[in-house]
Amino acid sequence: MDRVSAFDEPLKKLLGGATAKVMADHLDLHTVGDLLHHYPRRYEERGRLTALTDLPLDEHVTVVAQVADARIMMFNNGRGKRLEVTLTDGSGRLQLVFFGHGVHKPHKELLPGRRAMFAGKVSVFNRKMQLAHPTYQLLDAESIDGAEATEAVDAFAGRLLPIYPACKQLDSWRIAKAVDTVLPSAREAVDPLPPSLREGRGFTPLPEALLKVHRPQTKADIAQARDRLKWDEAFVLQVALARRRYADTQLPAVARRPRPGGLLDAFDAKLPFTLTEGQRKVSKEIFDDLATEHPMHRLLQGEVGSGKTMVALRAMLGVVDAGGQAAMLAPTEVLAQQHHRSITEMMGELAEGGMLGGSEQGTKVVLLTGSMGVAARRQALLDLVTGEAGIVIGTHALIEDKVQFHDLGLVVVDEQHRFGVEQRDALRSKGKQPPHLLVMTATPIPRTVAMTVFGDLETSVLDQLPAGRSPIASHVVPAKDKPHFLARAWERVREEVESGHQAYVVCPRIGDDAEDEAAGRKEKKKAPEDDGEKRPPLAVLEIAEQLAKGPLSGLRIEVLHGRMNPDDKDDVMRRFAAGGVDVLVATTVIEVGVNVPNATAMVVMDADRFGVSQLHQLRGRVGRGSAPGLCLLVSEAHEASPARARLSAVAATLDGFELSRIDLEQRREGDVLGQAQSGVRSSLRMLTVIDDEEVIAAAREEAVAVVAADPELEHLPELRIALDALLDKEREQYLDKG
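Computed from a predicted model, the values in this text were never measured in an experiment. (Residues numbered from 1 in each chain as written. Predicted model: local features only at pLDDT ≥ 70, side-chain atom pairs only at ≥ 80, totals over all residues. Heavy atoms only, no water.)

Novice: Before we move on, can you summarise the overall build of the protein with the specific residues and values?
Specialist: Helix and strand content of the protein: 28 helices and 21 strands. Taken across its 738 residues, the protein has 54% of its residues classed as buried. Counting only carbon and sulfur atoms, one obtains 51% of the accessible surface of the protein, whose full area is about 32600 Å². (Helix = DSSP H or I, 4+ residues; strand = E, 2+ residues; numbered from the N terminus. Buried < 20%, exposed > 50% of the residue type's maximum accessible area, 1.4 Å probe, protein only. Areas by Shrake-Rupley, 256 points an atom, 1.4 Å probe, with all protein chains shown as cover.)

Here it is, written out as structure tokens:
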């Protein structure tokens, strides 16, 4: 069998159809290579039982323990029968329960003193942890026959028993048996690390690392194997990213240098404030990139309210000065309109180029969204193709085939994670040569994630808030335990309005008919971590009505959500910005970019249904003026639940980088590597982006050196094979476009 195909062998050839189907459907494992990269989550040690006190609720676990007692209980006047078994491991006790016909076999086998492996989902019944109908495998030789006994005891006597990520349909030890079947293929693993790197860092060869991770003899074996396998993942991923960056540096672009005494200088001269030191530093990085003949690919990440838009606008003005055009892509119409409004206000007569009363140095700033009237749209398209408009701000309507530019020099993408891969590419293809690209995100990203997810972009960070921004106080309001706290929250909103300010109330749902059915279905599927049966999330339309009749009666209340007619949305936002609305009850359409300095209070309903970063974004809408901000996170989640812990973390710090770290720890890597964006499963098995910062940083350095010396990897065929395996075509494309 040749070197590649051993790993590509379909599992059904070796394991039989039924097992292979379960592995494919429930664990996303299809080939021998997939299974060999399905590493044990942890290892049980011979003689040391699992700590039953540490079992996680609602997770599928495998425990090794001893039967303390077992008894048959009758119920339903003797018609029903259940077997209750108590396990012990010295640290605690765990209840097992079997019902109906399922009691006979365990009743005969699970006798006091017997030791076994048990697998099932941890639940709570009558305040006790329990496993209902777990599967089990006995581990003492006299309890099972012949060959099976020897096999189980041998596995157990191997001291370190691998516990695999499992599922209801397939226990850890069945996965272990399947791994035994394919383990000989590990010897044929193609080693992706260049020999000099492997020897220089003293790594275990890959076949040996795979054998040791699945069947370790000692703890040192596990440590060696994990170190090696983490490196492979980090290095291959960083090579892919380094190749992307290298390819980008080979593309031609037009250098865009602002001309002295032009539009940018005129704009700077009329600014009523000075830029922060951070804004100046980041602007210099951007202008240095724009002056080169290769396309800039830069990620600008900044704290909520750190002035990213100002930095992006100055870059756009610089490009217009140099004879090019700049396009800003926003994720929603509300945000595109908001950007257009704030940019034309900041620029004043400079945004009225060619118009009566406009400045000579000025240019035209146009808006392009899907819902514009035909005449306005035709005029905007004409201004773009003739070059009359130097700046265009729009939604993905900008990407349509009809939109032609005179000379597109810079694309600014706001909140990039909301844009699909194809959309970014389509806009990039509208330049005569690839335009420069600036991606902005207001969700701070931990350094390692930036190196991994956005590794094809250079990163600039704005972590200073402009002078005059006010502090925001955040509190969790436990509506279920302490209803009077919620009543007080509405009093606080009233007080803010009475002192001349405005407030937001945010709900997770709109509450119109079109949405209700879909939301119900989604909610059923999703069932978050707490509280058993959950009610539907609170809705904008219902809450607005309740507030108007109840605690906020007499105040001017309006609603804003994504299903409204765009003109109505814009009208509500304008009136809110002008102070004509006291309380805006909205969905997360206000999450990014909405800037109303007079809004000082925010109440987030069902706050536990939002993610950490999303709550941080929402909170950034208040405290944007000189008065302090107040953010109240209303939740019915139980005090000890993970959801409440999340909310307490948000209330405890305003540091977005710290919160993004907490967010990452809670979500782990699943969607960090962009499953949500790419639809391709994450390639990380061993590496954890949050814990392995040093590995990722070192791998990035090595990868850059390798690609600089051999961009096509001609002398490293094994690394090329590993790249193909790790980055299937879809994922390569995803990395390509960020």
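Novice: Describe the packing of aromatic side chains, and please don't skip the residues or the numbers.
Specialist: Applying the stated rule across the entire model yields five aromatic pairs. With a centroid separation of 6.4 Å and an interplanar angle of 80°, the aromatic rings of F98 and Y136 are classed as edge-to-face. With F98 in strand 4 (residues 93–99) and Y136 in strand 7 (residues 135–138), the pair connects residues that are 38 residues apart, well separated along the chain. Like F98, the residue Y136 is buried in the burial classification. Ring geometry for W231 versus F235: centroids 6.4 Å apart, planes at 35°, classification tilted. Remark: F235 and W231 occur in helix 10 (residues 219–250); sequence separation between them is four residues, near one turn of the helix. Looking at F235, the relative accessible area reads 0%, which means it is buried. Every member of this aromatic cluster is reached through a ring pair, and the members are F98, F118 and Y136. (Phe/Tyr/Trp six-rings, centres within 6.5 Å; stacked < 30°, edge-to-face > 60°.)

Novice: Can you break down the pattern of salt bridges residue by residue, with the values?
Specialist: Within the structure shown, the criterion is met by 37 salt bridges. Two residues, R228 and D191, come together in a salt bridge whose shortest N-O distance is 2.6 Å. Linking R228 in helix 10 with D191 in the loop between helix 7 (172–182) and helix 8 (195–200), this pair joins segments that are 37 residues apart in sequence. With a relative accessible area of 13%, D191 lands in the buried category. The shortest N-O distance in the salt bridge between K212 and E208 comes to 2.9 Å. In this pair, K212 and E208 are both assigned in helix 9 (residues 206–214), four residues apart and thus about one turn of the helix distant. Residue classification places K212 among the buried positions, given a relative accessible area of 16%. Here E208 falls in the partly exposed class, since its relative accessible area comes to 33%. Within the structure, one salt-bridge network assembled from shared partners comprises R488, E491, R492, E495 and E496. (Salt bridge = Lys/Arg side-chain N within 4 Å of Asp/Glu carboxyl O.)

Novice: Outline the side chain of K212, listing residues and values.
Specialist: Side chain to side chain, K212 and Q224 meet in a polar contact 2.6 Å long. Excluding residues within four positions of it along the chain, K212 makes contact with D221, Q224 and A225. (Polar contact = N/O pair within 3.5 Å; in protein donor to acceptor, adjacent residues only side chain to side chain. Contact = heavy atoms within 4.5 Å.)

Novice: Quick rundown of the sheet that holds strand 15 (residues 458–462)? Include the residues and the values.
Specialist: Overall, parallel pairing links the seven strands, which are arranged 11-12-10-13-14-9-15 in an open sheet. Across the chains shown, the open sheet's two edge strands, defined by having one partner strand only, are strand 11 (364–368) and strand 15. For this sheet, the mean angle separating the axes of adjacent strands, direction not counted, is 20°. In this structure, strand 9 (residues 297–302) lies alongside strand 14 (residues 436–441), joined through five bridges in parallel fashion. Counterpart to L300 in the pairing with strand 14 is M440. Relative to strand 11, helix 14 (residues 333–347) is tilted by about 170°, and along the sheet it contacts strand 10 (325–329), strand 11, strand 12 (389–394) and strand 13 (408–414). (Pairing = 2+ DSSP bridges. Axes fitted to C-alpha atoms, helices over the stretch in contact; angles between N-to-C directions.)

Novice: Go over helix 20 (residues 540–549), please, and point to the residues and values.
Specialist: Every buried residue of helix 20 is listed here: V540, I543, A544 and L547. End-on view of helix 20: buried residues confined to an arc of 100°, all on one side of the axis. Among the exposed residues of helix 20, those pointing more than 90 degrees away from its buried face are Q546 and K549. Along its buried surface, helix 20 packs onto helix 18 (483–498), strand 17 (502–506), strand 18 (557–560) and strand 19 (583–586). (Arc of directions from axis to C-beta.)

Novice: Outline the environment of P162, listing residues and values.
Specialist: Position of P162 relative to the elements: it lies in strand 8 (residues 160–163). Counting along the chain gives 54 residues from P162 to P216, while the straight-line C-alpha distance between them is 8.4 Å. If we ignore the near neighbours within four places in the chain, the residues touching P162 are P40, R42, Y43, S172, H214 and R215.

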